[in-house]
Every structure is written in C-alpha cells, then in structure tokens.
Amino acid sequence: MPTEQDSTTPPATKEEPTSEFLIGSVEDNELWLDTCPSARTLIAYSFTHAAWLLCALPCKRWGCRWCGPKKIRGLAFKVERAEPNKLITLTVNPKAYLEPRAAYDHTRRKLADLAKVIRKTRGPFEYMRVLEITKKGWPHYHLVARSGYIPQAMISDTWASMTGAPIVDIRQIRKCDKVYAYVIKYLSKQQYIPWTNRRVSWTKHFFKEEIKDPETKWKLINKTRHLEHPAAVAACIMDGRVLTRITPTAFEIEDHYNDTIGKLYISEAGKLNSWLDRSRRAR
Ligand SMILES: [Zn+2]
C-alpha cells in the first residue's frame, strides 16, 4: 500500500546519502521499500528531476502479494471508466470434456466466435473476460461487456450450439451499480489455475484511450537494469558505494570512503544471497 512519505526525497538514513538518488518507481512514485518483494531495479538519469533515480520494477504477476492487489485495483478502475453495461456469465458443460484444460482450450476459442456472431447481428460488442474455476476445477467465464441490447435467448442458443453448455446469465449494469466493486469481487476470488496464466483478457476497444499526463512521464536516460531488489541496491548506494556489474549475478561494490572492494552475489531468483564478500584493497 502506498504510504504518506514523499518519494521525491530520499528516506532518512543513518548518514547522509553521498549520491543524489531519488527513490521511487517510474510509474507512480511508490516508495522504495514498499514495493513488490520480487522487484528488480532500474537505475537511470531523469531530466525531469535532474537527478539519478533508483526505480522499482515490480514483477506484475497476479500471484504476487504486492502486485496482485495493485493490478486488481488498477484494472477495476479502468473497467469502471470503460462504462460496461452488462455482466454475462458463460458456463461450460463438464460432461463434454475429459478434463478442465480441454474445456478451457475449446471454449475460449468459442468465446471469440460467439463475439463475432453477436457483432454481426447486434453491432459493437466489447468486453473484458474473467476466467474463474469451480471447486472441481472447471472453467467458466464472466464477461463485463459494453454493447447494445442482446436477447438472452440469442446468446444462450449460440453458446449452446457451440459448446453444449446452455447456461448463460445476463445482468444489466445500471448507472447506480458499482462496477468497481463487481470487478474487485471477480478478480479477488482468483485461485491458482494450473493450466493458464491468462485469467483476464479483453477486446481491443473495451478500454477507453488513456490520456497520459506528460508531466507524469519521466524522461529517463542511461538506463541500467539490475537483477536484485531496489532495497538492496539502495542500501548499497546509500552507504556510499557504487555497483558495477561483473556477471549477470554478481556486482562489484566500490566503497569511496574505505577504498574497499567487495562483491555482492545475487541468487538465481534475483534475491540477495550474501551481502558482501569484503576484502580490503590498497589503492
Ligand atoms: Zn510483484
């Protein structure tokens, strides 16, 4: 969760930082330590701030305890602005398949076909699809859709002829309904699905064009990506050391004050393994 602290000023440390590093992420000024546990680091120079930045690059996976909820909130907000007017639930007939994965592979393609049929007869049909699974692991779909009037029987008959699953539920979203809350509810229920990562997808024109504020887009140059967590890199830099990459998983640390050179080893997963193998070196 974002905190109150202003990320344009470096957090207080025991000693004053020796470099002009600004700690924050490119997109939203999240705080340096309050970020994805699997985040990587981007170091770049910002023209906007006339300073070097240490940026968190979150993993952006649904399953991440930090990125997941953030993604859900962001998506729910965008969905609300897309002004959908229908919630459509499409079921799958488990008797028609040997196992859930086969059901998913078949029906997700049929979903695109269904959309084509609707567009042909009923005009524009844009939607975001949320995949859910039942307790027994069978898929079904929730569509948050924007379209003109579609008779329930038409969707239901078409879906039944394509997949053998006649159960289709359509609900109108009224102006007073909280679309944001619906979407949060759908997305928060997400369980682990062994056979796909694509829980959510949407049609090309479902979301309204985003208008980016040029002020929020930081112009960055001299970008370098580091494999490890920004907190680790920040700790290093704040301590007056400079990192140089030797191999993809090892960095050399130069300490300006003590003339020491150490090595920082990063494990395969990008996590900090052992901080420092310090050895003094005469200059
Ligand atoms: Zn993450």
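Calculation notes
Residues numbered from 1 in each chain as written. Predicted model: local features only at pLDDT ≥ 70, side-chain atom pairs only at ≥ 80, totals over all residues. Axes fitted to C-alpha atoms, helices over the stretch in contact; angles between N-to-C directions. Helix = DSSP H or I, 4+ residues; strand = E, 2+ residues; numbered from the N terminus. Parallel < 35°, antiparallel > 145°, perpendicular 65-115°, else oblique. Left-handed = near helix turned anticlockwise from the far one by under 90°. Contact = placed C-beta atoms within 7 Å. Pairing = 2+ DSSP bridges. Buried ≥ 20, exposed ≤ 12 C-beta atoms within 10 Å, placed from the backbone. Core = buried A, V, L, I, M, F, W, Y, C linked by C-beta atoms within 7 Å.

A. Region of the structure containing the packing of helix α1 (residues 67-81) against helix α4 (residues 179-188). It is at 8 Å that the axes of α1 and α4 come closest, and there the two elements cross at 140°. The orientation of α1 with respect to α4, classified from their angle, is oblique. For the pair α1 and α4, the sense of crossing is right-handed. For the pair α1 and α4, the contacting residues are Ile72, Leu75, Ala76, Phe77, Val79 and Glu80 in the first and Val179, Tyr180, Val183, Ile184, Leu187 and Ser188 in the second.

B. Spotlight on the pairing of strand β6 (residues 139-147). Looking at chain direction, strand β4 (residues 86-90) and β6 are connected through 5 bridges and run antiparallel. Counterpart to isoleucine 88 in the pairing with β6 is leucine 143. Sheet topology note: the strand β5 (residues 125-133)/β6 ladder contains 9 bridges and is antiparallel. Each bridged residue has a counterpart across the sheet, and for glutamate 126 the counterpart in β6 is arginine 146. In sequence, β5 turns back onto β6 through a hairpin of 5 residues, with glycine 137 there showing a positive phi of about 95°.

C. Structural detail: the environment of glycine 164. Turning to its location among the elements, glycine 164 is positioned in the loop between α3 (152-163) and β7 (168-172). In this structure glycine 164 comes out as partly exposed when scored by C-beta crowding, with 14 C-beta atoms within 10 Å.

D. A look at the nonpolar core. In this structure, Val79, Ile88, Tyr127, Met128, Val144 and Val183 are the most contacted members of the largest nonpolar core, which totals 31 residues. Of all the secondary structure elements, the ones that give two or more residues to this core are α1, β4, α2 (100-122), β5, β6, α3 and α4. Excluding residues that lie within four positions of it along the chain, valine 79 makes contacts with Pro84, Met128, Val144, Val179 and Val183. By size, the runner-up hydrophobic cluster in this structure holds 5 residues, among which are Cys36, Ala39, Ala56 and Trp66.

E. Quick peek at unusual backbone geometry. Residue lysine 60 is not a glycine yet carries a positive backbone phi of 60°. Even without being glycine, glutamate 83 reaches a positive phi, approximately 50°. Within the secondary structure, glutamate 83 is located in the loop between α1 and β4.

F. Looking closely at the sheet that holds strand β8 (residues 200-202). Overall, antiparallel pairing links the 5 strands, which are arranged β7-β4-β6-β5-β8 in an open sheet. Pairing within the sheet leaves two strands with one partner each, and these edge strands are β7 and β8. Each neighbouring strand pair of the sheet contributes to a mean axis angle of 15°, computed without reference to strand direction. In the packing of α2 onto the sheet, the strands contacted are β5 and β6, and the crossing angle to β6 comes to about 20°.

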